[in-house]
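Descriptive structure summary
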Amino acid sequence: MTTEVALETKFSRLQTIIREAGPSIVAFSGGVDSTFVAAVAHDVLGDKALAITGVSPSVPASEVEEARALAEQIGIAHELIDTREMDDPDYVKNNPDRCFHCKDELYGRLAQIAGERGFATVLDGCNLDDTGDSRPGRRAAAQHAVRSPLLEAGLTKAEIRELSRERGLPTWDKPAMACLSSRIPYGTPVTVEALSSVEQAEGYLRSLGIRQLRVRHHVLPSGDSVARIETDDAGMDALLADRQAISERLKALGYMHVTLDLAGYRTGSLNEALKKTRAPSRSS
């Protein structure tokens, strides 16, 4: 079976999965995966599909606006709901299971809406590549009976990007996104102030044309904050070419130190510490 035929088979399977799921709510962030799910759900289910975007301090305002625009372009009905994970002490204290508490709030709200309004299923955008890293949110999905049609169809991120490109979705080459709380190391409490600093810092850097980046927010024992920037090679070149102005701008946001991570951009970098602590110790 050729790669093209295999992809078409997976896409057909995806359509069948969503059709058989019946009237569905899509947990819609406006990222690559959930946008593709929303588009296919609209194609297959029509007005029996509803996209809902959770709004909170951990979601950049620009992402909310982009989600609104994408839903309009797709044609799917779209609603915003305020989520209240910041009211949950277990979320704020930022242990490694933080993502569970965030998704538990979101999926709980979506499941409640589904039950009240006659939707059979809540769909998310988890794909085959999401099963490798630490993903506490998957436990929340299971508890609320959320289905992952991309995962069920066996689709990888690269395949979803290709199908999105063929579908004409502008998200096909969108950089991977994650909630702003993922920029704060485990054990450092999540605050609205820290989330705002990260949002403004990343927004400024993206305005310079840097697409692939994360601003990791670290707090020193002294209380001073550090912005550790992860980006790709092109981003590093842009940062170094204008490093003085960039440093001054981020310091104006409250960062005492602005640093560039020479290891570059990578998703889940804050999970690296978890992997080290779980690794068995070696005798000398």
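Scroll up for the structure.
Below or above, wherever it landed, is the structure these notes cover. (Residues numbered from 1 in each chain as written. Predicted model: local features only at pLDDT ≥ 70, side-chain atom pairs only at ≥ 80, totals over all residues. Heavy atoms only, no water.)

**Comments concerning the overall build of the protein**
- Scanning the protein for helices and strands turns up twelve helices and seven strands.
- Taken against the 2.2 N^0.38 rule, which gives 19 Å for 284 residues, the C-alpha radius of gyration of the protein at 20 Å falls within 12% of a compact globule.
- Taking the principal axes of the C-alpha coordinates as reference, the protein spans close to 55 × 50 × 40 Å.
- Roughly 13,900 Å² of accessible area belongs to the protein as shown, and the carbon and sulfur atoms make up 51% of that amount.
- Here the protein carries 34 positive and 41 negative side-chain charges, and the mean point of each set is 3 Å from the other. (Helix = DSSP H or I, 4+ residues; strand = E, 2+ residues; numbered from the N terminus. Rg over C-alpha atoms; globule rule 2.2 N^0.38 Å. Areas by Shrake-Rupley, 256 points an atom, 1.4 Å probe, with all protein chains shown as cover. Lys, Arg positive; Asp, Glu negative; His and termini not counted. Charge placed at Lys NZ, Arg CZ, Asp CG, Glu CD.)

**Considerations on the nonpolar core**
- Counting 29 residues, the largest nonpolar core has Leu 14, Phe 28, Phe 36 and Leu 155 as its most contacted members.
- Those elements giving two or more residues to this core turn out to be helix H1 (3-21), helix H2 (32-45), strand S2 (49-55), helix H3 (61-74) and helix H8 (157-167).
- In terms of residue count, the dominant contributor to this core is H2 (eight residues).
- In this structure, Leu 14 is in contact with Phe 36, Val 40, Pro 149, Leu 150, Ala 153 and Leu 155, ignoring residues within four places of it in sequence.
- Judged by nonpolar contacts, the second largest core, of 20 residues, contains Leu 180, Leu 213, Val 215 and Leu 239. (Core = buried A, V, L, I, M, F, W, Y, C linked by side-chain atoms within 4.5 Å. Buried < 20%, exposed > 50% of the residue type's maximum accessible area, 1.4 Å probe, protein only. Contact = heavy atoms within 4.5 Å.)

**Considerations on the environment of Ser 34**
- Examined against the element boundaries, Ser 34 turns out to sit in helix H2.
- Overall, the relative accessible area of 5% leaves Ser 34 in the buried class.
- For Ser 34 and Ala 51, which are 17 residues apart along the polypeptide, the C-alpha to C-alpha distance reads 9.1 Å.

Function cannot be inferred from these measures alone, as they are strictly geometric.
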